[in-house]
Amino acid sequence: MKDLRVSLVQGATRWHDPAGNREYYGDLISSLHGITDLVLLPETFTSGFSNEAIGNAETMDGPTVAWIREQAAKLGAAITGSVQLRTDEGVFNRLLFATPDGGLQTYDKRHLFRFAKEHERYAAGRDRLTVEWKGWRICPMVCYDLRFPVFSRNRFDVERAGAPDFDLLLYVANWPSARAYPWKTLLRARAIENLCYVAGLNRVGDDGNGLHYAGDSAVIDFLGHPVSECTDEEVVVTTTLQAAELAAHRERFPAMLDGDRFELA
């Protein structure tokens, strides 16, 4: 496992404007070729977090899936973010993880945000995803999943022999500024308890529901310390995750060996 370069793309998503957002985020990431391994876009980056956007949900054959694959190929890096996608089973808040070789893996948001009635409109996912990229095991999740530590628990000797399930935990989000303190606190908690790096990518600006987003995107190390932090403005920040430091910490402090065994229902 070598060091991994992660880019946080903290943008102001346009409201209900998929084509405009593809152009906007395409411009923001266009300079990242050769300087990053993994690019994070916000939750529902083509529309903003909106129950009404369900009417314009695309399919896996639609323009956004084609766009994210194209961008990954152009940048020579993996790209992830979530969009509303329609299947025979309903519309999911689906995270896409595209790699430059044409690969595409998906994760459907398991925990739907009841406070905003997301659970009344969208279908819930079930299984979490672990992706292998550049020698790292990565577990990508979406926004409200951050509040549920059991689902993100980094188990030992379960998904891979003699090692934790993953090395990097990701959250792409539309997390309003009114709840900024829980966002910052829980990102640190997830990193500490799982002995891993955590990257949280949030949007900025105001949306069509009148909600304000303060960004606060960050990369947190395994001790809960920020490696990089964003404020409340549009910004693209690239941070290098240190593989040797993560391995050394797990060697010094092997709390994963004492974790509880369990199965999710």
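Note that this is a predicted model, so its numbers are computed, not measured.

Rules behind the numbers
- Residues numbered from 1 in each chain as written.
- Predicted model: local features only at pLDDT ≥ 70, side-chain atom pairs only at ≥ 80, totals over all residues.
- Heavy atoms only, no water.
- Helix = DSSP H or I, 4+ residues; strand = E, 2+ residues; numbered from the N terminus.
- Buried < 20%, exposed > 50% of the residue type's maximum accessible area, 1.4 Å probe, protein only.
- Contact = heavy atoms within 4.5 Å.
- Areas by Shrake-Rupley, 256 points an atom, 1.4 Å probe, with all protein chains shown as cover.
- Lys, Arg positive; Asp, Glu negative; His and termini not counted.
- Charge placed at Lys NZ, Arg CZ, Asp CG, Glu CD.
- Pairing = 2+ DSSP bridges.
- Right-handed = clockwise from strand over helix to strand, strands pointing away.
- Polar contact = N/O pair within 3.5 Å; in protein donor to acceptor, adjacent residues only side chain to side chain.
- Expected span 1.5 Å × (residues − 1).
- Arc of directions from axis to C-beta.

**Student:** Describe the overall build of the chain, listing the residues and the values that go with them.
**Tutor:** Across its full length, the chain carries five helices and 14 strands. Projecting the C-alpha coordinates of the chain onto the three principal axes gives extents of approximately 50 × 40 × 35 Å. The 265 residues of the chain split such that 54% are buried. Here the contacts in the chain between residues at least 6 apart in sequence split such that 70% fall between residues at least 24 apart. Looking at the chain as shown, the accessible area adds up to about 11400 Å², and 49% of this sits on carbon and sulfur atoms. Of the side-chain charges in the chain, 29 are positive and 37 negative, and the distance between the mean point of each set is 3 Å.

**Student:** How would you sum up the environment of Pro254? Please name residues and give values.
**Tutor:** You can see Pro254 is positioned in the segment after helix H5 (243-252). Considering only alpha carbons, one finds Pro254 and Ala189, 65 residues apart in sequence, at a separation of 17 Å.

**Student:** Tell me about the pairing of strand S3 (residues 78-87), residues and numbers included.
**Tutor:** The two faces of a sheet get side chains in turn, since along a regular strand they alternate between them. When you tally the buried positions in S3, you get eight out of 10 residues, the bulk of the element. Of the pairings in the sheet, the one linking strand S2 (residues 38-40) to S3 comprises three bridges and is parallel in character. Bridging across to S3, Leu40 finds its partner in Thr80. The parallel pair S2 and S3 is bridged by helix H2 (residues 63-75), and the resulting crossover is right-handed.

**Student:** Can you tell me about the pairing of strand S7 (residues 136-142), naming the residues and giving the values?
**Tutor:** The buried fraction of S7 amounts to seven of the seven residues, a majority that puts the element mostly inside the structure. Residues Trp136, Ile138, Pro140 and Val142 of S7 are buried on one face, and the alternating residues Arg137, Cys139 and Met141, pointing to the opposite face, are buried as well. As defined by bridge partners, strand S6 (residues 131-133) adjoins S7 across three bridges and the pair is classed as antiparallel. Bridge pairing in S7 places Val131 opposite Ile138. Here S6 folds back onto S7 in antiparallel fashion, the turn holding two residues, of which Lys134 has a positive phi close to 55 degrees. For S7 and strand S8 (residues 168-172), the ladder comprises five bridges, and the chain directions are parallel. Across the sheet, Pro140 pairs through a bridge with Leu170, a residue of S8.

**Student:** Could you give an account of the environment of His119, with specific residues and numbers?
**Tutor:** Take His119: it is sitting in helix H3 (residues 118-121). For His119, a relative accessible area of 29% gives the class partly exposed. Between the C-alpha atom of His119 and that of Asn51, which follows or precedes it by 68 residues, the distance is 9.6 Å. Setting aside residues no more than four positions away along its own chain, His119 makes contact with Leu112, Phe113 and Arg114. Within the structure, His119 has its side chain in polar contact with the side chain of Arg114 (distance 3.3 Å).

**Student:** How would you explain H2 if you had to name every residue and give the values?
**Tutor:** Compared with the 18 Å implied by 1.5 Å per residue over 13 residues, the 18 Å span of H2 between its first and last C-alpha is a close match. Those residues of H2 not exposed but buried are Thr64, Val65, Trp67, Ile68, Gln71, Ala72 and Leu75. Here the buried residues of H2 occupy an arc of 160 degrees about the axis, which is enough to place them on one side. On its buried side, H2 packs onto helix H1 (18-29), S2, S3, strand S4 (90-98) and strand S5 (104-108). Downstream of H2 by one or two residues, Gly76 has phi in the positive range, about 65 degrees.

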